[in-house]
Amino acid sequence: NDSVSNVASVCPQSMRGIVCIVGTGFIVCGYNGDPNIELRSGGWGPLFGDDASAYCMGEKVLKSAALYYDVCDCGDEEAKDNKLALYGGSKVLYEQVMQIANVTAFPAMVEWAYGASDKYKQIAQFAMVALQQ
């Protein structure tokens, strides 16, 4: 991973330090002077819980948009509001997701997301939507 070179570039003599890299994924590494010993947290990818990553945040935005779509046609306004409050659906996020993906119907998001050549980057871009809200 990139953390060894990052510590080495800042602390070339001692190889002591902590590096936190947050992007599409995330990793935190610590070094105690021996470049062969790495204390690590994260960086295992989304299947193993990249909880601080842009991918994870983007996934939460998409889930919120999907939930809004699922309950938005519920005829009972009170029931709809209760479900959205309970489960976290968001009209604002839904509208932004639709605009960014340039789709007119939410089911088209499935093809848009799964059809991407780099699915992780495709989803990670929605982290900025979460940060802007």
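Note that the coordinates shown come from a computational prediction; the quantities given were computed from them, not determined experimentally. (Residues numbered from 1 in each chain as written. Predicted model: local features only at pLDDT ≥ 70, side-chain atom pairs only at ≥ 80, totals over all residues. Heavy atoms only, no water.)

When you go through the protein residue by residue, the secondary structure sums to seven helices and three strands. By the burial criterion, 34% of the 133 residues in the protein qualify as buried. Sequence separation of at least 24 residues holds for 45% of the intrachain contacts in the protein that already meet a minimum separation of 6. Accessible surface for the protein amounts to roughly 8,400 Å². Of this, 54% is attributable to carbon and sulfur atoms. (Helix = DSSP H or I, 4+ residues; strand = E, 2+ residues; numbered from the N terminus. Buried < 20%, exposed > 50% of the residue type's maximum accessible area, 1.4 Å probe, protein only. Contact = heavy atoms within 4.5 Å. Areas by Shrake-Rupley, 256 points an atom, 1.4 Å probe, with all protein chains shown as cover.)

Okay, the packing of helix α2 (residues 54–72) against helix α3 (residues 77–87) next. Taken N-terminus to C-terminus, the directions of α2 and α3 make an angle of 165 degrees; their axes are 10 Å apart at the nearest point. The pairing of α2 with α3 is recorded here as roughly antiparallel in orientation. In this structure, α2 crosses over α3, and the sense of that crossing is right-handed. Along the contact surface, α2 presents L67, Y68, V71 and C72, while α3 presents K80, K83, L84 and Y87. (Axes fitted to C-alpha atoms, helices over the stretch in contact; angles between N-to-C directions. Parallel < 35°, antiparallel > 145°, perpendicular 65-115°, else oblique. Left-handed = near helix turned anticlockwise from the far one by under 90°.)

Bringing the side chain of S64 into the picture now. Note on placement: S64 falls in helix α2. Dropping the residues within four chain positions of it, S64 is found in contact with G88, G89, S90 and L93.

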